[in-house]
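This is what each chain is made of:
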Protein chains: 4
Amino acid sequence: MSPRSSEQNEKIREERIQQIIDAAIAVYLEKGVRGTEMGDIAKRANMARGLVYYYFKDKMDLFRFVFTRLIEEAKTYISSTLLSDEEVISKLRTYARFYLRSSQLKPHMVQFYRNIPADIPFVFGDKGEAVLKEYVDNATGPLHRVLEQGIREGKLKPLDPRLISAVYWGGLMGGMNAMSSGQVPEEQAERMMDDVIDILLDGIVNKKG
Amino acid sequence: MSPRSSEQNEKIREERIQQIIDAAIAVYLEKGVRGTEMGDIAKRANMARGLVYYYFKDKMDLFRFVFTRLIEEAKTYISSTLLSDEEVISKLRTYARFYLRSSQLKPHMVQFYRNIPADIPFVFGDKGEAVLKEYVDNATGPLHRVLEQGIREGKLKPLDPRLISAVYWGGLMGGMNAMSSGQVPEEQAERMMDDVIDILLDGIVNKKG
Amino acid sequence: MSPRSSEQNEKIREERIQQIIDAAIAVYLEKGVRGTEMGDIAKRANMARGLVYYYFKDKMDLFRFVFTRLIEEAKTYISSTLLSDEEVISKLRTYARFYLRSSQLKPHMVQFYRNIPADIPFVFGDKGEAVLKEYVDNATGPLHRVLEQGIREGKLKPLDPRLISAVYWGGLMGGMNAMSSGQVPEEQAERMMDDVIDILLDGIVNKKG
Amino acid sequence: MSPRSSEQNEKIREERIQQIIDAAIAVYLEKGVRGTEMGDIAKRANMARGLVYYYFKDKMDLFRFVFTRLIEEAKTYISSTLLSDEEVISKLRTYARFYLRSSQLKPHMVQFYRNIPADIPFVFGDKGEAVLKEYVDNATGPLHRVLEQGIREGKLKPLDPRLISAVYWGGLMGGMNAMSSGQVPEEQAERMMDDVIDILLDGIVNKKG
DNA sequence: CATGAATGAGAGTTCATTCAT
DNA sequence: AATGAATGAACTCTCATTCAT
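Residues numbered from 1 in each chain as written. Chains lettered and ligands numbered in written order. Predicted model: local features only at pLDDT ≥ 70, side-chain atom pairs only at ≥ 80, totals over all residues. Heavy atoms only, no water.

**Focus on the overall build of chain A**
Counting secondary structure elements, chain A contains nine helices and zero strands. Mapped in sequence order, the helices and strands of chain A form the string α-α-α-α-α-α-α-α-α. Taken along its principal axes, the extent of the C-alpha atoms in chain A is 75 × 45 × 35 Å. The proportion of buried residues among the 209 residues of chain A is 47%. Within chain A, contacts between residues at least 6 apart in sequence are counted, and of these 69% link residues at least 24 apart. When the accessible surface of chain A is totalled, it reaches about 10900 Å², and 51% of it is carbon and sulfur. Charge centroids of chain A, computed over 30 positive and 30 negative side chains, lie 3 Å from each other. (Helix = DSSP H or I, 4+ residues; strand = E, 2+ residues; numbered from the N terminus. Buried < 20%, exposed > 50% of the residue type's maximum accessible area, 1.4 Å probe, protein only. Contact = heavy atoms within 4.5 Å. Areas by Shrake-Rupley, 256 points an atom, 1.4 Å probe, with all protein chains shown as cover. Lys, Arg positive; Asp, Glu negative; His and termini not counted. Charge placed at Lys NZ, Arg CZ, Asp CG, Glu CD.)

**With respect to the interface of chain D and chain C**
Residue-level contacts link 27 residues of chain D with 26 residues of chain C. Across the chain D to chain C interface the summed buried area is about 2100 Å²; carbon plus sulfur atoms make up 71%. Linking chain D with chain C are four salt bridges. Its salt-bridge partner being D:K207, residue C:D202 comes within 2.7 Å of it at the nearest N-O pair. Our enumeration of links across chain D and chain C arrives at eight residue pairs in polar contact (both at pLDDT 80 or more). Elements that contribute at least two residues to the side of chain D that touches chain C include exactly α1 (6–35), α8 (161–179) and α9 (186–204) of chain D. Split into classes, the residues belonging to the side of chain D that touches chain C amount to 11 nonpolar, six polar and 10 charged. (Buried area = accessible area lost by both parts, 1.4 Å probe. Salt bridge = Lys/Arg side-chain N within 4 Å of Asp/Glu carboxyl O. Polar contact = N/O pair within 3.5 Å; in protein donor to acceptor, adjacent residues only side chain to side chain. Nonpolar A, V, L, I, M, F, W, Y, C, P; charged D, E, K, R; others polar.)

**Quick notes on the protein's contact with DNA strand E**
As a structural note, the neighbourhood of DNA strand E is formed by 45 residues, with A:Y54, C:Y53, D:R16, D:Y54 and D:Y55 the closest of them. Here DNA strand E approaches the protein such that, of its atoms within 4 Å, sugar and phosphate make up 71%. Within the side chain of B:Y53, an N or O atom sits 2.8 Å from a phosphate oxygen of DNA strand E. A distance of 2.8 Å separates a phosphate oxygen of DNA strand E from a polar side-chain atom of D:Y55. Contributions of two or more residues to the surface near DNA strand E are made by α1 (6–35) and α3 (49–55) of chain A, α3 (49–55) of chain B, α3 (49–55) of chain C together with α1 and α3 (49–55) of chain D. (Near = heavy atom within 4 Å.)

**Overview of the relation of the copies chain B and chain A**
For the pair chain B and chain A, the relating rotation is 180 degrees, the translation along its axis is 0.0 Å, and the fit reaches an RMSD of 0.2 Å. Both copies of the chain, as the preceding transformation shows, are related through a two-fold rotation axis. A symmetric contact is evident, with 96% of the interface residues of chain B recurring at the interface of chain A. (Least-squares fit on C-alpha atoms with pLDDT ≥ 70 in both.)

**Let's talk about α8(D)**
Residues and elements named next belong to chain D. In a regular helix each residue adds 1.5 Å, so 19 residues correspond to 27 Å; α8 covers 26 Å between its end C-alpha atoms and thus fits that length. Most of α8 is tucked away: 15 of the 19 residues are buried. Taking the backbone nitrogen of R162 as reference, a side-chain oxygen 2.8 Å away marks D160 as the first, capping residue of α8. (Expected span 1.5 Å × (residues − 1).)

**As for the side chain of D:D119**
Tracing the chain through its elements places D:D119 in helix α6 (residues 107–124). Excluding residues within four positions of it along the chain, D:D119 makes contact with D:Y28, D:V33 and D:F67.

**Quick look at the pattern of salt bridges**
Residues and elements named next belong to chain B. Considering all chains together, one arrives at 72 salt bridges over all chains under this definition. A salt bridge links R97 to D194, with the nearest nitrogen and oxygen atoms 2.4 Å apart. Residue R97 is located in helix α5 (residues 88–105), and its partner D194 is located in helix α9 (residues 186–204); the two are separated by 97 residues in the primary sequence. Accessibility expressed as a relative area gives 26% for R97, which makes it partly exposed. Using a relative accessible area of 35% as the deciding quantity, one classes D194 as partly exposed.

**Thoughts on the relation of the copies chain D and chain C**
Overlaying chain D with chain C gives an RMSD of 0.2 Å, the required rotation being 180 degrees about an axis along which the chain moves by 0.0 Å. In this assembly the copies share their binding face: 96% of the residues contributing to the interface of chain D also contribute to that of chain C.

**Side note on unusual backbone geometry**
Despite not being glycine, B:N46 has its phi angle at roughly 60 degrees, a positive value. Mapped onto the elements of the fold, B:N46 is located in the loop between α2 (38–44) and α3.

**Some words on the protein's contact with DNA strand F**
Every one of the 44 residues lining DNA strand F counts as a neighbour, but A:K59, B:R16, B:Y54, C:Y54 and D:E37 are closest to it. Among all atoms of DNA strand F positioned within 4 Å of the protein, those belonging to sugar or phosphate total 70%. Measuring from a phosphate oxygen of DNA strand F, one finds a backbone N or O atom of A:K59 at 2.8 Å. The side chain of D:R49 places a nitrogen or oxygen atom 2.8 Å from a base nitrogen of DNA strand F. Elements supplying a minimum of two residues to the surface near DNA strand F: α3 of chain A, α1 (6–35) and α3 of chain B, α1 (6–35) and α3 of chain C together with α3 of chain D. Here the residues of the surface near DNA strand F sort into 20 nonpolar, seven polar and 17 charged.

**Focus: the UniProt feature "domain: HTH tetR-type" (unreviewed entry) in chain A**
UniProt records the feature "domain: HTH tetR-type" (unreviewed entry) for residues 14–74 of chain A in the present numbering. For residues 14–74 of chain A, the helix share is 85%, the strand share is 0%, and the end-to-end C-alpha distance is 21 Å. (UniProt positions renumbered as here; feature names shortened; annotations may be inferred.)

**Side note on the domain arrangement of chain A**
For interface size, the figure often reported is the accessible area lost on association. Residues and elements named next belong to chain A. When cut into domains, chain A gives domain 1 (1–56) and domain 2 (59–204). Each of domain 1 and domain 2 has a C-alpha centre, and these two points are 29 Å apart. Taken residue by residue, the interface counts 15 residues in domain 1 and 16 residues in domain 2. Taken together, both faces of the contact between domain 1 and domain 2 bury some 1500 Å²; the carbon and sulfur share is 74%. Applying the counting criterion to the domain 1 and domain 2 interface returns five residue pairs in polar contact (both at pLDDT 80 or more). Contributions of two or more residues to the side of domain 1 that touches domain 2 are made by α1 and α2 (38–44). For the side of domain 1 that touches domain 2, the element with the highest residue contribution is α1, accounting for 10 residues. Each residue belonging to the side of domain 1 that touches domain 2 can be placed in one class, and the counts come to 12 nonpolar, two polar and one charged. (Domains from an automatic or database assignment.)

If you want it as structure tokens, here you go:
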């Protein structure tokens, strides 16, 4: 009956929050933000409705937290990927491979990438535009700069980099979808990723070089 | 003083239904199915809430109608595009050009293509799976078959057609996004479409031919 | 194109009103006052919703009219039955026989007799109490007086006439239910009525006479 | 500060449910199923509308629960009454006395007996017919069998037992009405019940025995 | 920290009634 | 006299959020 020490409390706190987030993500992926009910989250996290509110002011607060985490995660990945000083084509290859691999390992991220542009404005309200812009800058910005560099160096087709970026990212998303289906046997994964990357790069490299 | 003729009534009905559908699509694109309120639809269609229920049993009935129309529309487009007996590469070119052009003309279709796989199960309930399957078969099936033909003929890379399909469609969606942004001046549209198609095809054609 | 004559109009008027009433009664018997929708009445009467309102100010107005008619009808029956100057037992016999027979011929009247005490207050609002009282006086009053006479004459049990009335009427209603079931073959009807009447009278006649 | 124990919660739940049921019955008796509004129930039960939905899925669910309880109650009464091994006339006497007494003590049951055949199909939907049949079997079945026995033994008139049953039950209902009016002084109650029973039995016993 | 009963604003739906034709 | 499209008040039901314990 002795009160819990603050370390214990802190530990419980973190565990609970993680449980809530995991549950929120799970429900969110199935039903979207509006379709996610606080009761569902609590149930899936194995706790009472009230406790969710103990840790998060309200539904949007919870989702802001979840989205911020996911965005942060994505940001970390990307920067760790494209900031190296490899050669352009190599970079693009690494970049694509990274997303493809993580789609296989964390299939929910694919869905997240697909929905985030539509959900951020709703979840973040006024600040939505800013958050979205920052996210996009972080997610697409580096890719953008690499593409621009590649175009300048004559290694990529001399087209509008925004257009190349859009098609490249779209194709990559298509590949990610395929990789995330959960039906890719490990021994084929490498091959599939290579194939996707081949398609993507063959589409944009400048053959007249 | 005499009552309206049935032609007049029929005309009114059609107009009203069209107004409701237009309003529903507009709100849907902004807020999704769950976020769309019947009141908003009525307001945007300039009528009382009750009138929406006069024409549609309930919200899901309305959305089923809207989705069915959109699916039908998409189906028509596709079949009119890929069933011709051109040569494979030509077909793929026509196919892509068609989607790109219609993305520019009907920007909402892009969003629809993106959301439909997630919304169909919700809107159609039990029958969702069947409807979705039928839609996908109609939407991707023809593309699939053309790709298989191309692979057989050695004109496309000898890869898993499902993978090619996924990346091709993803890239095309990326291009459609770009085309639908509403910021493409008409004089650049042709050029943009050609560029997108170039990227898409260069990615998948078999250069060792 | 010549306007209808007023006689024609009057004829149409009466026909329409009758159609509405018939439809209203039919729906009412199935769903009760609150469960009856004006649209159902119109549909069953084969006319547009609006026309019902042309003839009746509103739903309650229609029902007041319907109820008044039914009450009137019942009143007429009763008075024609009990006002004769037969001997008491004879009168009660005739009275019962009359209701039993009409239950067989117009099964809906049974249901009406059962529901009317509960529905009158709702349909007639403030005046409900008065209407109900008047109805009861008309329906039960004569029976009441006959019973009182019978008691005075020593032909019926010397009990509270209200009690006898209640039980007699209840038993008669039970018999009416049986007669109205629609499964009574004509050749058995007479016999059944006699049996019911025997039970009713044996219950209340004074055997010590 | 510690959360309520599950016993406390269970107690709260039971109390709340009982309050809701009591309120529902009260409103139901005044307005019928269709006329009963969930808001009225909540108000009469002194709680927010939402709480009613916390305990019952929807209006019909609540009414199914209420009806099931009332039916159960009625069933218990009846079986406890007629299953004894008294002599036939005695049984019928006990049976009638039981209903008359309980009509006086729980006046609402009379109204319930009167309305239940009409309301069950509405409340139970598809299953209405089955529920109604089961209810009638339980309510009338035992009486029926006693009557058949009495007829066989020559103690009751040699008539169709269904007919006797109908008239007997009707007459009893009439007596119950009288008893439930709330205006029966306790000192007269016994006398009234005896009178009713006399009428009922004199109607059906076989005097030629 | 934890529970789940309780609340009420607001969305979905129905239906009596009106109105232009 | 007749039609059926149109309206909106009122009801049913959901769910984010609060609160007593």
